[in-house]
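Reading the structure
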Amino acid sequence: MVEDLEKESDMSINSKLKIAIDGPAGSGKSTVAREVARQLNIVYLDTGAMYRAITLKLLRAHCDLSDHSQVEALLEQTVLQLASDERIFLDGEDVTAEIRKPQVNAAVSRVAELPVVRRKLVRQQQEIAAAAGGIVMEGRDIASTVMPDAPFKFYLDATLPVRARRRMQEQREKGLPLSYEKVFHEIKERDRIDSERADSPLTVTPGVQVIDTTSLTIAEVVERILQEINPQTD
Ligand code: CDP
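Residues numbered from 1 in each chain as written. Predicted model: local features only at pLDDT ≥ 70, side-chain atom pairs only at ≥ 80, totals over all residues. Heavy atoms only, no water.

1. Observations regarding the packing of helix 1 (residues 29-40) against helix 9 (residues 218-229)
Stated precisely, the cut-off is as follows: Interaxial angles span 0 to 180 degrees and are taken between N-to-C directions of axes, which are lines fitted to C-alpha atoms, for helices over the stretch in contact. Secondary structure elements follow DSSP: runs of H or I of four or more residues count as helices, runs of E of two or more count as strands, with numbering from the N terminus. Working rule for angles: under 35 degrees goes down as roughly parallel, over 145 as roughly antiparallel, 65 to 115 as roughly perpendicular, anything else as oblique. Crossing handedness: left-handed means the near helix sits turned counterclockwise from the far one by under a right angle, and right-handed means the same turn made clockwise. In what follows, a contact means two residues having at least one pair of non-hydrogen atoms within 4.5 Å. The residue classification treats Ala, Val, Leu, Ile, Met, Phe, Trp, Tyr, Cys and Pro as nonpolar and Asp, Glu, Lys and Arg as charged. All others, Gly included, are polar.
Taken N-terminus to C-terminus, the directions of helix 1 and helix 9 make an angle of 50°; their axes are 9 Å apart at the nearest point. In terms of axis orientation, helix 1 runs oblique to helix 9. Both helix 1 and helix 9 take part in a crossing whose hand is right-handed. Residues T31, V32, E35, V36, Q39 and L40 of helix 1 form the contact with helix 9, whose participating residues are I218, V221, V222, I225, L226 and I229. Counted by class, the contact of helix 1 with helix 9 contains nine nonpolar, two polar and one charged residues.

Pasting the structure below:
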């Protein structure tokens, strides 16, 4: 697998900024992470998109997830490319929209619990972090596994009903109307699998700052994170 993520960072100030943002679905982490990266002029990496793209590949191949050698063989033939505008390419095809579809939502946590998948993607994410200088990386295991030495680590959370409502709204805006009940149960099940898996589960690790976003706006969460990084900023 190769990656094309490149960004002109502000080498003088921000090149060593490593910021980890973890949290469950609908906690606001993608929007927040993207905005923090924009304001600091550093790379933004959505690691969930990588798990989603691999899931799409395995779904299309009708892969039996219990057959680890089949999964491994497919992974070996996979080329993931990440562009700085957040488009993601799977074997040369732009799959940015397709990885957000319900069939990928339903399967991704089952794929993400496979150690062979995690090993590959974590290695790739660590290479991207090393090459990037400053980076905001968001996912489920960034503080615990991908960038344990990052000086700034956050865990965003919100109540399940609020997260489900946010996700439903996002899907509607993309022209994918789903019922509240369906979204609620899908993210609840994904949270369960992500938190219970043996390999680098979703959890709050020591040294991580937890932000409950239930009644905060995106701007307020971004502000809180920026304050933490640079307490002198107004
Ligand atoms: O955007 P949303 O919060 O719905 O999910 P995502 O960030 O796109 O991640 C999709 C799935 O990928 C998660 O539910 C996890 O199963 C998996 N994932 C992971 O295991 N580790 C990561 N660092 C990122 C995502």
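More follows now that the structure is in view.
2. Some thoughts on the environment of I21
For I21, the position within the fold is in strand 1 (residues 18-22). Spatially, the C-alpha atom of I21 lies 27 Å from that of L178, the residues being 157 residues apart in sequence. Excluding residues that lie within four positions of it along the chain, I21 makes contacts with K29, V32, A33, V136, M137, E138, G139, I142, F154, L156 and I225.

3. Observations regarding the confidence of the model for the protein chain
When pLDDT is low, close inspection of the predicted coordinates is not appropriate. Note the threshold: Residue-level confidence of the predictor is summarised by pLDDT, bounded by 0 at the bottom and 100 at the top.
This prediction gives the protein chain a mean pLDDT of 91; 92% of its residues lie at or above 70. Low pLDDT, under 50, characterises residues 6-12; the stretch is placed with 11 contacts to residues that sit more than four places away or in other chains.

4. Brief notes about the side chain of T213
The cut-off we apply is this: With a 1.4 Å probe rolled over the protein chains alone, any residue whose accessible area is under 20% of its type maximum counts as buried; one over 50% counts as exposed, and the rest are partly exposed. The term polar contact refers here to a pair of N or O atoms within 3.5 Å; inside protein, the definition further demands a hydrogen-donor-capable atom paired with an acceptor-capable atom, and it admits residues adjacent in sequence only when both atoms are side-chain atoms.
In this fold, T213 is placed in the loop between strand 8 (209-212) and helix 9. Assessed through its relative accessible area of 2%, T213 is described here as buried. Within polar-contact distance, the side chain of T213 engages the backbone oxygen of S27 at 3.2 Å. Residue contacts for T213: discarding those within four places in its chain leaves S27, L156, D157, A158, R166 and V221.

5. Remarks on the sheet that holds strand 2 (residues 43-46)
The cut-off we apply is this: Paired strands, as defined in this entry, are two strands with at least two bridges between them according to DSSP.
Spatially, 2-6-1-7-8 is the arrangement adopted by the five strands of the open sheet, whose pairing is parallel. Bordering the open sheet on either side are strand 2 and strand 8, each of which pairs with just one other strand. For this sheet, the mean angle separating the axes of adjacent strands, direction not counted, is 20°. The pairing of strand 1 with strand 6 (residues 135-139) spans five bridges and is classified as parallel. Residue D22 lies in a different strand from strand 6, and its bridge partner there is G139. Sheet strands in contact with helix 2 (residues 47-60) are strand 2 and strand 6, and its direction is about 40° off that of strand 2. Here helix 9 sits on the sheet and contacts strand 1, strand 7 (152-157) and strand 8; the angle it forms with strand 7, its principal contact strand, is near 160°.

6. Here's the deal with helix 3 (residues 68-76)
What counts here: Directions drawn from the helix axis to the C-beta atoms are what define this arc.
By the burial criterion, the buried members of helix 3 are V71, L74 and L75. End-on, the buried residues of helix 3 take up no more than an arc of 100°, which puts them together on one face. Those residues of helix 3 that are exposed and aimed more than 90 degrees away from the buried face are S69 and E76. Residues of helix 3 that are buried in the fold lie against helix 2 and helix 5 (115-132).

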